[in-house]
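The chain contents come next:
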Amino acid sequence: QVQLVESGGGLVQPGGSLRLSCAASGSILNIYAMGWYRQAPGKQRELVASITSRGGTNYDDSVKGRFTISRDNAKNTVYLQMYSLKPEDTAVYYCNAAKIWDYDPRRDFLPWGQGTQVTVSS
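Strand order across the open sheet formed by six strands is 2-10-9-4-5-6, with mixed pairing between neighbours. Both outer strands of the open sheet, strand 2 (10–12) and strand 6 (57–59), are each paired with one neighbouring strand and no more. Put simply, the sheet's adjacent strands are angled 20 degrees from each other on average, direction ignored. Sheet analysis places strand 4 (residues 33–39) next to strand 5 (residues 46–52), joined by six bridges and oriented antiparallel. Directly across from arginine 38, in strand 5, lies its bridge partner glutamate 46.

Next up, the structure:
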């Protein structure tokens, strides 16, 4: 069973940047698309960005133009580069199989990792 470990979060001021990493313990090439989710206190988990194994991407409107998802298949790692961070980006960020276009990721879900906390505050 592949395990997912998220890292790179931290405390940053509004307008700042962070780069998150999602390291998988084994190959994730068999999963059509991976993505980043976030969950803020009192809110449901939401998908903010997804990327196929070949590099196709999609973003939620809330982060479009500010976040960039990428991956290194040789390292079994997915990244999320975040710019122009806003307080509303504050959440715990997780990675997992993710929806993109007509792909249903539920069949490929892995156990959730612990996530990485992103806090955007003055």
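After presenting the structure, the write-up continues.
Our focus in this paragraph is the pairing of strand 3 (residues 18–24). Taking burial as the measure, the seven residues of strand 3 include five buried ones, the bulk of the element. Sheet analysis places strand 1 (residues 4–7) next to strand 3, joined by four bridges and oriented antiparallel. Looking at strand 3, one finds that serine 7 is bridged to serine 21. For strand 3 and strand 8 (residues 77–82), the ladder comprises six bridges, and the chain directions are antiparallel. Looking at strand 8, one finds that alanine 23 is bridged to threonine 77.

Counting 33 residues, the largest nonpolar core has Trp36, Leu80, Met82 and Tyr93 as the members making the most contacts within it. Within the residue set of this core, elements represented by two or more residues are strand 3, strand 4, strand 5, strand 7 (67–72), strand 8, strand 9 (91–97) and strand 10 (116–120). If we skip the residues at most four places from it in the chain, methionine 82 touches Gly16, Ser17, Leu18, Leu20, Arg66, Phe67, Tyr93 and Val118.

Judged by pairing direction, the sheet is antiparallel, and its four strands sit side by side in the order 1-3-8-7 without closing on themselves. Among the strands making up the open sheet, the edge pair consists of strand 1 and strand 7. Here the strands of the sheet are splayed against their neighbours by 15 degrees on average, with no regard to which way each runs.

What follows is about the packing of aromatic side chains. Applying the stated rule across the entire model yields four aromatic pairs. Taking 5.2 Å as the distance between ring centres and 55 degrees as the angle between the ring planes, the aromatic pair formed by tyrosine 32 and tyrosine 103 counts as tilted. Of the two residues, tyrosine 32 is situated in the loop between strand 3 and strand 4 and tyrosine 103 in the loop between strand 9 and strand 10; the sequence distance between them amounts to 71 residues. Assessed through its relative accessible area of 6%, tyrosine 103 is described here as buried. Plain terms: the ring middles of tyrosine 94 and tryptophan 112 are 5.9 Å apart, the flat faces sit at 80 degrees to each other, and that makes the pair edge-to-face. A residue pair is termed long-range when its members are at least 10 positions apart, and tyrosine 94 in strand 9 and tryptophan 112 in the loop between strand 9 and strand 10 qualify at 18 residues. Here tyrosine 94 falls in the buried class, since its relative accessible area comes to 12%.

Within the element layout of this structure, glutamine 81 appears in strand 8. Among the polar contacts made by the side chain of glutamine 81, one reaches the main-chain carbonyl oxygen of leucine 18 at a distance of 3.3 Å. Beyond its immediate chain neighbours, meaning those up to four positions away, glutamine 81 contacts Ser17, Leu18, Arg19, Arg66, Phe67 and Thr68.

Criteria and thresholds
- Residues numbered from 1 in each chain as written.
- Predicted model: local features only at pLDDT ≥ 70, side-chain atom pairs only at ≥ 80, totals over all residues.
- Heavy atoms only, no water.
- Pairing = 2+ DSSP bridges.
- Helix = DSSP H or I, 4+ residues; strand = E, 2+ residues; numbered from the N terminus.
- Axes fitted to C-alpha atoms, helices over the stretch in contact; angles between N-to-C directions.
- Buried < 20%, exposed > 50% of the residue type's maximum accessible area, 1.4 Å probe, protein only.
- Core = buried A, V, L, I, M, F, W, Y, C linked by side-chain atoms within 4.5 Å.
- Contact = heavy atoms within 4.5 Å.
- Phe/Tyr/Trp six-rings, centres within 6.5 Å; stacked < 30°, edge-to-face > 60°.
- Polar contact = N/O pair within 3.5 Å; in protein donor to acceptor, adjacent residues only side chain to side chain.

The values reported here are purely geometric and, on their own, carry no functional implication.
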